[in-house]
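The chain contents come next:
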Amino acid sequence: METLHIEVDARGVAHLTMNRPEVFNAFNELMIAELAQSMDRLVADPHVRLIVLAGAGKAFSAGADIQWMKRASEASQEWNLADARKFADMLQRIAHCPKPVLARIQGLALGGGVGLAAACDIAVASSEAKFAVSEARFGILPAVIGPYVINAVGPRQAKRLALTASRIGAAEALSLGLVHEVVEADQLDAALARWIHELLQNGPSAQGEIKQLFAQLEVGPVTAEVRELTAQTIARVRLGDEAREGFSAFLAKRPAAWVPALDDAAKEGV
């Protein structure tokens, strides 16, 4: 990979790091393609339990590479549509990954960088991080990332962020629901390690089922169709091997088979 670094530890924690620090991990066509390919690879790897998306250097991601955007502005409608579809597909692979995906955010998360954070299941940020849905400053709009930002913070706040394109701090991002925890910069990896430890205690198949089911549910009335979907899902999952192991482990007061033996020793480090 030219734009990414991938490392998987003994517990099955995959660290997927955007590696263009010289441009604050701004992404272009190549990084988008490599992110999509990497997600496919990590999903297919049975050893991988969860994925940490991070950025090398001082920033998480400054969003779209300006040279990429300049090329897009000079290209045809057909090229732009194909290019935008590739970006949308990459975000969808992150959001619908059957394994938990965490964002490790430091420095800047701008434009598409906010979209990446919003597409992840859990986002942890350092207190100095800054966020901006900045597309309108360049005369464009946050179209592809829009659904993920709306899902993270709600329609009204998302519209405010997009219309103003103003930067907000980590504390405000936390209050909006864009991130789940904010810590001092030197505590970022320790905080991430705690989230990883919690996630590794739980059944990986159950986590995949949670993501698949919740993706089908919307805020609103619990209709007959929704009730039937949830009943069918739990009835099927309760009969699985992972459920049997989970119940047996609880009754026997022992760790479940999916809890890594190294996890207790690794709780304080990523």
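Criteria and thresholds
- Residues numbered from 1 in each chain as written.
- Predicted model: local features only at pLDDT ≥ 70, side-chain atom pairs only at ≥ 80, totals over all residues.
- Heavy atoms only, no water.
- Helix = DSSP H or I, 4+ residues; strand = E, 2+ residues; numbered from the N terminus.
- Buried < 20%, exposed > 50% of the residue type's maximum accessible area, 1.4 Å probe, protein only.
- Disulfide = S-S within 2.5 Å.
- Pairing = 2+ DSSP bridges.
- Right-handed = clockwise from strand over helix to strand, strands pointing away.
- Contact = heavy atoms within 4.5 Å.

Asker: Which parts of the structure should I look at to understand unusual backbone geometry?
Answerer: A positive phi is found at N25, a non-glycine position, where the angle reads about 60 degrees. With respect to the helices and strands, the residue N25 is situated in the loop between β2 (13–18) and α1 (29–44). The exposure class of N25 is buried, given its relative accessible area of 0%.

Asker: Is there a simple way to think about the state of the cysteines in this case?
Answerer: As used in these notes, a disulfide is a covalent bond between sulfur atoms, one from each of two cysteines. Evaluated as defined, the whole model comprises zero disulfides. We note that C97 lacks a disulfide partner, and the nearest cysteine sulfur, in C120, lies 9.5 Å from it.

Asker: What is the right way to look at the pairing of β2 in this model?
Answerer: Every other side chain in a regular strand lies on the same face of the sheet, so the side chains alternate between the two faces. For β2, the tally of buried residues reaches six of six residues, placing the bulk of the element in the interior. Burial along β2 is two-sided: V13, H15 and T17 facing one way and A14, L16 and M18 facing the other are all buried. Here five bridges tie strand β1 (residues 4–8) to β2, and the two strands are oriented antiparallel to one another. Residue E7 lies in a different strand from β2, and its bridge partner there is H15. Linking two consecutive strands that pair antiparallel, namely β1 and β2, is a turn of four residues; a positive phi of about 90 degrees is found at G12 within it. In this sheet, strand β3 (residues 50–55) lies alongside β2 in parallel orientation, the contact comprising six bridges. Within β3, the residue paired with M18 across the bridge is G55. This β-α-β element, β2 to α1 to β3, shows right-handed connectivity.

Asker: When you look at the environment of C120 in this model, what are you seeing that I'm missing?
Answerer: Here C120 is to be found in the loop between α4 (112–119) and β6 (122–126). Look at C120 and you get buried, because its relative accessible area is 7%. Measuring from C-alpha to C-alpha, the distance between C120 and Y148 comes to 9.1 Å, with 28 residues separating the pair along the chain. For C120, the contacting residues outside a window of four places in its chain are L53, I94, V101, L102 and A103.

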